[in-house]
Amino acid sequence: MFSATCGDVNSSGAIDIVDALLIAQYYVGLNPSNFDSAAADVNGDSGIDIMDALLMVQYYVGLVDSLPGCSQMPGPGGDGDPYTWPVYSPGLDYNFRDEFGDIAMPTQVLNDCSGIAGTQSQEW
Ligand SMILES: [Ca+2]
Ligand SMILES: [Ca+2]
């Protein structure tokens, strides 16, 4: 399910206890009004049953922080708009020696650490 309103079965704009109740009503054969069954499979098992209603309750009270059947969901958190990263501007003007003075050239290469991509042993 890739609905932007996944979990919000009554299209109220939020996931709350009413959505859980409507899923439960749907499951027991009632025909709740304003019920969007396309948004109801919140555990992603391709069916709508009481497990979806229980998961909605758990999500609503904060016992779980995501709905596995939903790739996007309204409710706590962001507004759904993609984040725009600020422009990267490497304008750093910093002279190490101004702060720390002259430091002697290293005399050993310590290569006993993991993740070393390379060493600098000249033009210090
Ligand atoms: Ca709702
Ligand atoms: Ca389900």
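Rules and cut-offs
- Residues numbered from 1 in each chain as written.
- Chains lettered and ligands numbered in written order.
- Predicted model: local features only at pLDDT ≥ 70, side-chain atom pairs only at ≥ 80, totals over all residues.
- Helix = DSSP H or I, 4+ residues; strand = E, 2+ residues; numbered from the N terminus.
- Expected span 1.5 Å × (residues − 1).
- Buried ≥ 20, exposed ≤ 12 C-beta atoms within 10 Å, placed from the backbone.
- Arc of directions from axis to C-beta.
- Contact = placed C-beta atoms within 7 Å.
- Core = buried A, V, L, I, M, F, W, Y, C linked by C-beta atoms within 7 Å.
- Axes fitted to C-alpha atoms, helices over the stretch in contact; angles between N-to-C directions.
- Parallel < 35°, antiparallel > 145°, perpendicular 65-115°, else oblique.
- Nonpolar A, V, L, I, M, F, W, Y, C, P; charged D, E, K, R; others polar.

S.K.: Residue-level account of helix α2 (residues 50-61), with values.
M.R.: With twelve residues, α2 extends 17 Å between its outermost C-alpha atoms, agreeing within 8% with the 16 Å of an ideal straight helix rising 1.5 Å per residue. Every buried residue of α2 is accounted for by D52, A53, L55, M56 and Y59. All buried residues of α2 lie within an arc of 160° about the axis, which places them on one face of the element. Exposed residues lying more than 90 degrees from the buried face of α2 are I50 and V61. Here the buried face of α2 lies against α1 (17-27). Where α2 terminates, the next one or two residues include G62, which has phi positive at roughly 90°.

S.K.: Give me the lowdown on the nonpolar core, citing residues and values where you can.
M.R.: Among the nonpolar cores identified, the biggest contains 16 residues, and I23, A40, V42, M56 and L67 are the most heavily contacted of them. Taken together, the elements giving at least two residues each to this core come down to α1 and α2. When residues of this core are assigned to their parent elements, the largest contribution, four residues, is made by α2. When residues no more than four places from it in sequence are discounted, the contact partners of A40 are V9, I23, Y26, I48 and D52.

S.K.: Quick rundown of the packing of α1 against α2? Include the residues and the values.
M.R.: Viewed as axis vectors pointing N to C, α1 and α2 meet at an angle of 170°, and their least axial separation amounts to 8 Å. Accordingly, the angle class assigned to the pair α1 and α2 is roughly antiparallel. Across from I17, D19, A20, I23, A24 and Y27 in α1, the residues of α2 making contact are I50, D52, A53, M56, V57 and Y60. For the contact of α1 with α2, the class distribution of residues is ten nonpolar, no polar and two charged.

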